[in-house]
Amino acid sequence: MVFENKFVQQRIEKAQLLKDAGFNPYSNECKRNTTIDKFLNVNSDINNKENKRDENRHYIVSGRIKFFRIMGKASFIKIEDESGMLQAYIARDNLPEGFYNNTFKKNIEVGDIVEIEGYPFVTGKGELSIHATALRLLTKAIAPLPEKFHGVTDKEIRYRKRYLDLIMNSEVRKTFQTRSKVISLTRRFFEDKGFLEVETPMMHPIAGGANAKPFVTHHNALGIDRFLRIAPELYLKRLIVGGFEAVFEINRNFRNEGMDATHNPEFTSIEFYWAYKTYKDLIEITKEYFQYLFEHLNLPTILPYGDMEVNFENFTELPLIESLTTVGGIPSELCNDKDSIIAYLKSKNIAVKPGMNLGQLQGELFDEFVEEKLINPTFITEYPVEISPLARRSDKNPAITERFELFIAGREIANAFSELNDPIDQYERFKDQVDAKDAGDDEAHEMDEDFIDALSYGMAPTAGQGIGIDRLVMLLTNEHSIRDVLLFPAMKPIHHEAKTTEEE
RNA sequence: GUCUUGUUAGCUCAGCUGGUAGAGCACGUCACUUUUAAUGAUGUGGCCGAUGGUUCGAAUCCAUCACAGGACACCA
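Here goes a summary of the coordinates provided. (Residues numbered from 1 in each chain as written. Chains lettered and ligands numbered in written order. Predicted model: local features only at pLDDT ≥ 70, side-chain atom pairs only at ≥ 80, totals over all residues. Heavy atoms only, no water.)

Another aspect to go through is the sheet that holds strand β9 (residues 224-228). Spatially, three strands are ordered β7-β9-β8 in an open sheet, and the strand pairing comes out antiparallel. A single partner strand is all that each edge strand has here, and the edge strands are β7 (203-204) and β8 (216-219). Two strands pair when backbone bridges link them, and β7 and β9 are joined in this way by two bridges, in the antiparallel orientation. Each residue of the ladder has a partner; that of Met-203, found in β9, is Leu-228. (Pairing = 2+ DSSP bridges. Helix = DSSP H or I, 4+ residues; strand = E, 2+ residues; numbered from the N terminus.)

Following this line, the structure appears as structure tokens:
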């Protein structure tokens, strides 16, 4: 039963008593004329006034009751709206006859949403408050709020019932306000640079653009399966072929993989593609982008993240192979020899999968010995071609690609490269991926013939980049779980008894 | 996927080597017209995550399962 809890029952009764007394427990008549933060700002001068009050000022504020202190014939309550918290002084003799004793004290309680009419004054203890001349119930809460001091701390409740988390933990709202700002600033930044925001399909006939397992869904009318997209990349590049020169898309990707502190099955990224540019230009625009974000979010350029301090004034570039030695401390002579790397990894007790090529092994060295040491923003460049199936080869050295990944606080934040636009090279690389897939790699790419077709019409030299928005927000808000920057993170369903027995 | 730690009242938490459940907040009743987690008095409130087992007896011991947190593996 949904409403069987005794506290809920009690509150439903109170709602009925209010209804019987002529008060609609779900009234729609809102007369609010100011928000709480405005009230507090506008009336900050009250403390200097005679009697510390001004009965000529008249306000109506609304909010949820968070504290309720009855002191006999008068009470203090605190109400909270989106902008802040305000104390109200509710005295019997300032309210209609009988309202205080019969209605307010008996049937109004913590959790209810009310509207308070009155004038500003400062209490004996010095708190700017509203002196109520009227109080109206707007919404009766029939579920009791969690404990007023500790609030909700249980992560499971906080994620499953985010609304409760938001009611009880106002700093959580700030995280999501920051997230929202990051997204709108990102949109504005790229629009101001002349990029066009586009929307490409989320249901793909072939899941491409990344190495990941897709979700499968079904189109009934066509009788065919579709994949939820794992990346928008291949569609955005088709648009560059079509003649758009700067496009971006901010939206969700879906990957059918494990969940942990940095992975949610659906996550938000921005990908942008820029014709007649190279990854060098992307390094510059990325620096500019971070500067823009920090400026508009008012963040300090030396940003704390956990135990770390990240200096955002100091972006550096470092070729991957060089980083193995200078950051990872790996002897440089073994970094270009397969067998030496395998021996080195084994000597460090790291399992090496059979059949890895040189590029993959270098990537392995980087992941093991370098990545977590890159605290200040670092563009790692010159990725081996074997681990960059969609990136353009360097003209000087065909074994490496014109690519970078940006690392901050020991984590990858962005991935970018000059795009491969040679259709025959792309075809060969897809074929290698198909072979890998046949050999059991279920994250390898499939052959996307239409994409090859598109490239064969000619794609202007283009640079493209992806940034994981969730992880970026984690970094900027000093959060350490992706679930704390997602309003409704993915959670397993709770199996009820009846359902479990049914399944067995 | 593996390991590990949790799950007790609406919420935050106690509960010893097995003997039939405890606090604070909230809620009910009473007192109190300037409180700040208001205070004082008093009372109600529990299928101890689920299922099985051991035992005369299980919140407590064992097994399985569910969910969550953390770590590792994979990945963005």
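So, on to the protein's contact with RNA strand B. Around RNA strand B, a shell composed of 51 residues is seen, among which Lys-6, Arg-69, Asp-93, His-263 and Arg-471 lie nearest. Here RNA strand B approaches the protein such that, of its atoms within 4 Å, sugar and phosphate make up 58%. The contact in question runs from a phosphate oxygen of RNA strand B to an N or O atom on the side chain of Asn-5, over 3.2 Å. At 3.0 Å, a side-chain N or O of Lys-78 approaches a base oxygen of RNA strand B. The set of elements that each furnish at least two residues to the surface near RNA strand B consists of α1 (6-20), β1 (59-70), β2 (74-81), β3 (84-91) and α4 (155-160). It is α4 that provides the largest number of residues to the surface near RNA strand B, a total of five residues. For the surface near RNA strand B, a count of residues per class yields 15 nonpolar, 13 polar and 23 charged. (Near = heavy atom within 4 Å. Polar contact = N/O pair within 3.5 Å; in protein donor to acceptor, adjacent residues only side chain to side chain. Nonpolar A, V, L, I, M, F, W, Y, C, P; charged D, E, K, R; others polar.)

With that settled, consider the pattern of salt bridges. Pairs can form between side chains of opposite charge whenever their charged atoms are close. Taken as a whole and judged by the stated rule, the model has 33 salt bridges. Arg-136 is the partner of Glu-115 in a salt bridge, and the nearest nitrogen-oxygen pair spans 2.8 Å. In this pair, Glu-115 sits in strand β4 (residues 113-122) while Arg-136 sits in strand β5 (residues 128-139), placing the two residues 21 residues apart along the sequence. Several salt bridges converge on common partners, so that one network encompasses Arg-11, Lys-14, Glu-109, Asp-112 and Lys-140. (Salt bridge = Lys/Arg side-chain N within 4 Å of Asp/Glu carboxyl O.)

Limitation: the analysis is restricted to geometry and does not speak to function.
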